[in-house]
Amino acid sequence: MKVDFYTSQREYNEKRVQFDNAIQAVVQKGNFILGEPVVEFEKAIQEYTGAKYAIGVASGTDALILASDILGFKNGKEVITSPFTFLASASCIIRHQGKPVFVDIDEDTFSIDVNKIEERVNENTVGILPIHLFNQMADMDKIMDIANRHDLRVLEDAAEAFGMRWKGNESDYRHSGCIGDFGVYSFFPTKTLGGYGDGGMIVTNNDELARLAKSYRVHGAAKKYHYDFIGYNSRLDTLQAAVLSVKLKYIDEAIKKREEVAKLYIERLSECEEIKIPKIKGDQKHVYYVFNVLAQNRDGLAEHLKKNEIGYSIYYPRPLHMQKAFEYLGYKEGDFPVAEKVSKEIIALPIYPEITKEEVEFVCETIKNFYRK
Ligand SMILES: *Cc1c(COP(=O)(O)O)cnc(C)c1O
């Protein structure tokens, strides 16, 4: 049995008419740049997340770059973040010559170890950039407490965190991305809310920050062809907004299905000694964007999955402090032992709403077979 790590085909086939209609409406109207579907989608995101403002941009990476620029993560200023994340969480700081300062991660959650943040704060520190990774949010109570006491700006990388909520079981919950000064989502196709191409969003509750973000995405123009500063050309495509609006209607259902898939994995793999399943910490509503495990002989297991035509992914095989691009920061191997250990053991298994029970069971059986040998 071949099991894809991810496929958009099944969802498309299920809702083909809705997707086709949404796309055709844009093509017929020709409102390709910041057309009404973008405005409607932004409104729908505000409603879903509770953010006061939602500003559609070209990608999650761009969302991070615009937000970092506006928050002053630049010109030698320091921003504390995790080395165990996708490149874009740190490259956005470096884009304008800011300096990422890494602290190690929590062994159980793979999120930034909040107990190690404060010791890195100095007079040059301007911000904290937490990443809500894989399936859960970083501890936002502790992060906001540190930020408030030291007057730091907080940019939440919620690229993977659509649907996650802090204090998720209470009525006064806060959606991921809506707690710090800015939050960003990515609509990269594999993400929990993924489009048919690149897309991203900036959210904020702050009037002035929203005004700046809106102007930064159109070259720094407050009014057409009147520029207050040099911004970017980074807009959420109208076609993507139309596709994403269809998907957003079914997002709760999709998140629930992911949860069921994760439960099945946990059930089937819990008896497998060689596999360690991550824990969820904190009072939050988690979402399984990715289902990761720590595996003994990870590379051997990966090889075995490949032979059996099972898709997998390794997020992330090399922490950022050990990347050539970041050599100049002066970090070395051994500086962040937890991140380094996890990067050698972690492996992501197929998870998406349309994956079948039989496929998940086949993946689990194949894993168990590998260790039985
Ligand atoms: C996907 C992702 C991004 C970048 O989003 P794009 O839309 O692909 O540019 C940034 N940060 C994290 C943690 C991500 O997973």
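Residues numbered from 1 in each chain as written. Predicted model: local features only at pLDDT ≥ 70, side-chain atom pairs only at ≥ 80, totals over all residues. Heavy atoms only, no water.

**Student:** Explain the environment of D69 here, please?
**Tutor:** Examined against the element boundaries, D69 turns out to sit in helix α4 (residues 60-71). Not counting chain neighbours up to four residues away, the residues in contact with D69 comprise K74, H96, Y216 and Y232. For D69, the side chain forms a polar contact with the side chain of Y232, separated by 2.7 Å. (Helix = DSSP H or I, 4+ residues; strand = E, 2+ residues; numbered from the N terminus. Contact = heavy atoms within 4.5 Å. Polar contact = N/O pair within 3.5 Å; in protein donor to acceptor, adjacent residues only side chain to side chain.)

**Student:** Help me out: how do you make sense of the UniProt feature "active site" (unreviewed entry) in the chain in this one?
**Tutor:** In the numbering used here, UniProt assigns the feature "active site" (unreviewed entry) to K191. Inspection of the secondary structure puts K191 in the loop between β8 (182-186) and β9 (200-204). If sequence neighbours within four positions are ignored, K191 has contacts with A159, E160, S186, R258 and Y289. (UniProt positions renumbered as here; feature names shortened; annotations may be inferred.)

**Student:** It is not clear to me how the pairing of strand β14 (residues 291-295) should be interpreted in this structure. Could you clarify?
**Tutor:** If a strand is regular, its side chains alternate between the two faces of the sheet. Of all 5 residues that make up β14, 5 are buried, and the element is covered over most of its length. The alternating pattern of β14 places F291, V293 and A295 and N292 and L294 on opposite faces, both of which are buried. Pairing of strand β12 (residues 275-276) with β14 involves 2 bridges; the strand directions are antiparallel. Bridge assignment links K276 to a residue of β14, and that residue is L294. Bridge count between β14 and strand β15 (residues 346-349): 4 bridges; the pairing is antiparallel. Paired with V293 across the two strands is I347, which belongs to β15. (Buried < 20%, exposed > 50% of the residue type's maximum accessible area, 1.4 Å probe, protein only. Pairing = 2+ DSSP bridges.)

**Student:** What is the right way to look at the pattern of salt bridges in this model?
**Tutor:** Think of it this way: side chains of opposite charge can pair up when their charged atoms draw near. Under the definition given, this model contains 30 salt bridges. Among the salt bridges present, the one from R10 reaches E359, with a minimum N-O distance of 2.8 Å. A residue pair is termed long-range when its members are at least 10 positions apart, and R10 in helix α1 (residues 9-14) and E359 in helix α12 (residues 357-372) qualify at 349 residues. Of the residues examined, R10 reaches a relative accessible area of 28% and is grouped as partly exposed. Through salt bridges with shared partners, a single network forms among D106, D108, K279 and K281. (Salt bridge = Lys/Arg side-chain N within 4 Å of Asp/Glu carboxyl O.)

**Student:** Would you take a moment to explain the side chain of K368 for this structure?
**Tutor:** Residue placement: K368 occurs in helix α12. In this structure the side chain of K368 is engaged in a polar contact, spanning 3.3 Å, whose partner is the side chain of E271. Contact partners of K368, with chain neighbours within four places excluded, come to R268, E271 and C272.

**Student:** Is there a simple way to think about the packing of helix α3 (residues 36-49) against helix α8 (residues 238-249) in this case?
**Tutor:** The relative placement of two packed helices is expressed as an angle between their axes plus a distance between the axes. For the pair α3 and α8, the least separation of the axes is 8 Å and the interaxial angle reads 40°. Relative to α8, the crossing made by α3 is left-handed. Together, P37, V38, F41, A44, I45 and Y48 of α3 and T238, A241, A242, L244, S245 and L248 of α8 make up the contact between the two elements. Classifying every residue of the contact of α3 with α8 by side-chain character gives 10 nonpolar, 2 polar and no charged. (Axes fitted to C-alpha atoms, helices over the stretch in contact; angles between N-to-C directions. Left-handed = near helix turned anticlockwise from the far one by under 90°. Nonpolar A, V, L, I, M, F, W, Y, C, P; charged D, E, K, R; others polar.)

**Student:** So what exactly am I meant to see when it comes to the sheet that holds β12 here?
**Tutor:** Sheet strands pair by backbone hydrogen bonding; their relative direction is either parallel or antiparallel. In space, the 3 strands of this open sheet follow the order β12-β14-β15, with antiparallel pairing throughout. A strand with exactly one partner marks an edge of an open sheet, and here the two such strands are β12 and β15. Strands β12, β14 and β15 of the sheet are contacted by helix α9 (residues 251-269), whose axis makes an angle of about 20° with β14.

**Student:** Explain the site of the ligand to me, please; I cannot follow it from the model alone.
**Tutor:** As a matter of local geometry, the ligand sits amid 16 residues, with G60, T61, E160, S186 and K191 nearest to it. Contact between the ligand and G60: an oxygen atom at 2.8 Å from a main-chain N or O atom of the residue. At 3.1 Å from an oxygen atom of the ligand is found a side-chain nitrogen or oxygen belonging to K191. Alone, the ligand offers 380 Å² of accessible surface; in the complex the protein occludes 93% of this. Within the residue set of the shell around the ligand, elements represented by two or more residues are α4 and α5 (88-94). Per element, the largest residue contribution to the shell around the ligand is 3 residues, and it comes from α4. (Near = heavy atom within 4 Å. Areas by Shrake-Rupley, 256 points an atom, 1.4 Å probe, with all protein chains shown as cover.)

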